[in-house]
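Examination of the molecular architecture
What follows is each chain in one-letter form.
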Amino acid sequence: KKQKLFKLSEIYFAGDTKKEFEENYQNIVKSIEEVGFKNTAVLYSISDTSKTGGEIGWIREKELSNVFFNKINSLQVGEHTEPINTGSSFLILRVDMQN
């Protein structure tokens, strides 16, 4: 079976309380609509990838956890996930390309 490849970008953000999470998420969604995913990653992501617009690069299907794979597998190029709880913070993944 041929492995799927995904070129991914991320926005990694915190929210210590439900209220803080909701506020941060609403700001991020609004920003994505207004200035795009990459610019929003630069503004809001707490990951080192924020310097490159959230770009993670190419990831093989088997390198992803089942949770992440299941979240992105049904997305079209250019679409992003709902926030994924990573325990200490939240992750939004966008599929930039796939093959």
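A brief structural summary. (Residues numbered from 1 in each chain as written. Predicted model: local features only at pLDDT ≥ 70, side-chain atom pairs only at ≥ 80, totals over all residues. Heavy atoms only, no water.)

1. A word on the pattern of salt bridges
Inspection of the entire model under this criterion finds six salt bridges. Linking K38 and E55 is a salt bridge whose minimum nitrogen-to-oxygen distance equals 3.5 Å. Linking K38 in helix α2 (residues 37–44) with E55 in strand β2 (residues 55–60), this pair joins segments that are 17 residues apart in sequence. D48 is the partner of K51 in a salt bridge, and the nearest nitrogen-oxygen pair spans 3.8 Å. This pair shows no difference in class: K51 is exposed, exactly as D48 is. (Salt bridge = Lys/Arg side-chain N within 4 Å of Asp/Glu carboxyl O. Helix = DSSP H or I, 4+ residues; strand = E, 2+ residues; numbered from the N terminus. Buried < 20%, exposed > 50% of the residue type's maximum accessible area, 1.4 Å probe, protein only.)

2. Details of the side chain of T40
Looking at the secondary structure, you find T40 in helix α2. Look past the residues within four positions of T40 in its chain and what remains in contact with it is I11, I28, S31, I32, V35 and S45. (Contact = heavy atoms within 4.5 Å.)

3. Re helix α1 (residues 18–35)
The end-to-end C-alpha distance of α1 is 25 Å, a good match for the 26 Å that 18 residues give at a rise of 1.5 Å each. G36 sits one or two residues past α1 and shows a positive phi near 90 degrees. (Expected span 1.5 Å × (residues − 1).)

4. Things to note about a nonpolar patch on the surface
On the surface, V35, L43 and Y44 cluster together to form a nonpolar patch covering roughly 270 Å² of accessible area. Accessibility expressed as a relative area gives 59% for L43, which makes it exposed. (Patch = residues over 30% accessible without salt bridge, like charges linked within 9 Å, V, L, I, M, F, W, Y side chains within 5 Å. Areas by Shrake-Rupley, 256 points an atom, 1.4 Å probe, with all protein chains shown as cover.)

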